[in-house]
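Reading the structure
Listed below, chain by chain, are the residues.
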Amino acid sequence: SAVISQKPSRDICQRGTSLTIQCQVDSQVTMMFWYRQQPGQSLTLIATANQGSEATYESGFVIDKFPISRPNLTFSTLTVSNMSPEDSSIYLCSVAQGKNGYTFGSGTRLTVV
Amino acid sequence: TQLLEQSPQFLSIQEGENLTVYCNSSSVFSSLQWYRQEPGEGPVLLVTVVTGGEVKKLKRLTFQFGDARKDSSLHITAAQTGDTGLYLCAGGATTDSWGKLQFGAGTQVVVTP
């Protein structure tokens, strides 16, 4: 299965600033996904990162707040913009491995102060 | 949105005991996956089940997919401290077998010596 390198692993940011999270995959994949996992909760899909086109956002998430780039089939970034303490969470990227499920990055633990 | 309900939310047992985690929905899924997540890591896929009534075994873990493909269970025999983690079920929609997944809220399992 694919191996995903996600960074940074954690960060503490001031409110009002932005943080860009990167995910690098060791093989070409068609679909990459970005999730948010709030403390003690399950995963919520933010958006699907599509190569060569704009990301597809889920209800409650907008491009201005979470801009996503997907310049090629092995790389994607998620930016958390104009952060507030409510954005404190773990952010995870993942890739689909066919019917064998998803492979996840190790996550970025974000704390906004 | 297809909702997956997991129960129990939290389970604390001693080493050597058995446990079962349930995942239920009113919707049919084309596939259902189980993941385990440890602190500071992304979820790791344990198994994928795709056929109604299917039973899969992974060492001490037994996974079952309901006949109607609406529910699943995970049974751990003779639990070990290494089984501690957040167990997540995730379902793929009937028309999108490997795209977006719907995650359950998770079951936190703690196995004590």
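Bear in mind the structure is a predicted one, so any value in this text is a computation, not a measurement. (Residues numbered from 1 in each chain as written. Chains lettered and ligands numbered in written order. Predicted model: local features only at pLDDT ≥ 70, side-chain atom pairs only at ≥ 80, totals over all residues. Heavy atoms only, no water.)

**Here we look at the packing of aromatic side chains**
Residue and element names in this part refer to chain A. We apply this condition: Two rings from Phe, Tyr or Trp (for Trp, the six-membered ring) form a pair when their centres sit within 6.5 Å of each other. Planes less than 30 degrees apart are called stacked, planes more than 60 degrees apart edge-to-face, and all others tilted. Only DSSP runs of H or I covering at least 4 residues are called helices, and only runs of E covering at least 2 are called strands; the numbering of each starts at the N terminus. Only protein chains enter the accessibility calculation, which uses a 1.4 Å probe. A residue is then buried if its area is under 20% of the maximum for its type, exposed if over 50%, and partly exposed in between.
Scanning the model with the defined rule gives 10 aromatic pairs over all chains in all. For the ring pair Phe-33 and Tyr-102, a centre distance of 5.0 Å and an interplane angle of 15° mean the geometry is stacked. Note that Phe-33 is positioned in strand S4 (residues 31–37) and Tyr-102 in strand S10 (residues 102–104), a separation of 69 residues in sequence. Judged by relative accessible area, Phe-33 falls into the buried class, the value being 0%. Plain terms: the ring middles of Tyr-102 and Phe-104 are 5.9 Å apart, the flat faces sit at 40° to each other, and that makes the pair tilted. Under the relative-accessibility criterion, Tyr-102 is labelled buried at 3%. We classify Phe-104 as buried; its relative accessible area is 8%.

**Here's the deal with the sheet that holds strand S6 (residues 55–58) of chain B**
Residues and elements named next belong to chain B. Formally: Note on pairing: two strands pair once DSSP finds at least 2 bridges between them. Where helices are involved, their axes are fitted lines through C-alpha atoms of the stretch in contact, as for all axes, and angles between N-to-C directions lie from 0 to 180°.
Pairing within the open sheet is antiparallel, and its 5 strands lie in the order S1-S3-S8-S7-S6. Looking at which strands have only one partner, the edges of the open sheet turn out to be strand S1 (5–7) and S6. Between one strand axis and the next, the sheet turns through 15° on average, direction left out of account. Both strand S3 (residues 19–24) and strand S8 (residues 71–76) contribute to a ladder of 6 bridges, which runs antiparallel. When the sheet's bridge partners are listed, Thr-20 is paired in S8 with His-75.

**Observations concerning the state of the cysteines**
As used in these notes, a disulfide is a covalent bond between sulfur atoms, one from each of two cysteines. Definition in use: What counts as a disulfide here is a pair of cysteine sulfur atoms lying within 2.5 Å.
What the rule picks out here adds up to 2 disulfides over all chains. With a sulfur-sulfur separation of 2.0 Å, Cys-23 of chain B is cross-linked through a disulfide to Cys-89 of chain B. Taking the torsion about the sulfur-sulfur bond, which here is approximately 75°, the covalent link between Cys-23 of chain B and Cys-89 of chain B counts as right-handed. Separated by 66 residues along the polypeptide, Cys-23 of chain B in strand S3 and Cys-89 of chain B in strand S9 (residues 85–93) bring together distant segments of the chain. Here the two residues Cys-23 of chain B and Cys-89 of chain B agree in accessibility, since each one is buried. Distance from the sulfur of Cys-13 of chain A, which forms no disulfide, to the nearest cysteine sulfur (Cys-23 of chain A) is 16 Å.

**Thoughts on the sheet that holds strand S3 (residues 19–25) of chain A**
Consider a sheet: its strands pair through backbone hydrogen bonds, and that pairing is either parallel or antiparallel. All names here are of chain A. The 4 strands lie next to each other as S1-S3-S8-S7, forming an open sheet whose pairing is antiparallel. Of all strands in the sheet, those bounded by a partner on one side alone are strand S1 (4–7) and strand S7 (68–72). Pairs of neighbouring strands in the sheet enclose a mean axial angle of 15°, with direction left out of account. Examined bridge by bridge, S3 and strand S8 (residues 75–80) share 6 bridges and lie antiparallel to one another. Bridge assignment links Gln-22 to a residue of S8, and that residue is Thr-77.

**Observations regarding the side chain of Ser-73 of chain B**
Residue and element names in this part refer to chain B. As a reminder, the rule being used: Two residues qualify as a contact provided that any one of their heavy atoms is within 4.5 Å of a heavy atom in the partner residue.
If you trace the backbone, Ser-73 turns up in strand S8. Accessibility expressed as a relative area gives 16% for Ser-73, which makes it buried. Those residues in contact with Ser-73 that lie beyond four places of it in its chain are Thr-20, Val-21, Tyr-22, Trp-34, Thr-62, Phe-63 and Gln-64.

**A few points about the side chain of Gln-37 of chain A**
For clarity, the threshold we go by: Counted as a polar contact is a pair of N or O atoms within 3.5 Å, where, for protein atoms, one must be capable of donating a hydrogen and the other of accepting one, and residues adjacent in sequence contribute only when both atoms are in side chains.
As for its placement among the helices and strands, Gln-37 of chain A is situated in strand S4. A distance of 2.8 Å separates a polar atom in the side chain of Gln-37 of chain A from a polar atom in the side chain of Gln-37 of chain B. For Gln-37 of chain A, the residues in contact, after removing those within four places along its chain, are Ser-42, Leu-43, Ser-89, Ile-90 and Leu-92 of chain A together with Gln-37 and Leu-86 of chain B.

**Topic: the pairing of strand S5 (residues 44–49) of chain B**
All names here are of chain B. Sheet analysis places strand S4 (residues 29–37) next to S5, joined by 5 bridges and oriented antiparallel. By the bridge assignment, Trp-34 is partnered in S5 with Val-47. Between S4 and the antiparallel strand that follows it, S5, lie 6 residues; Gly-40 among them carries a positive phi value of about 80°.

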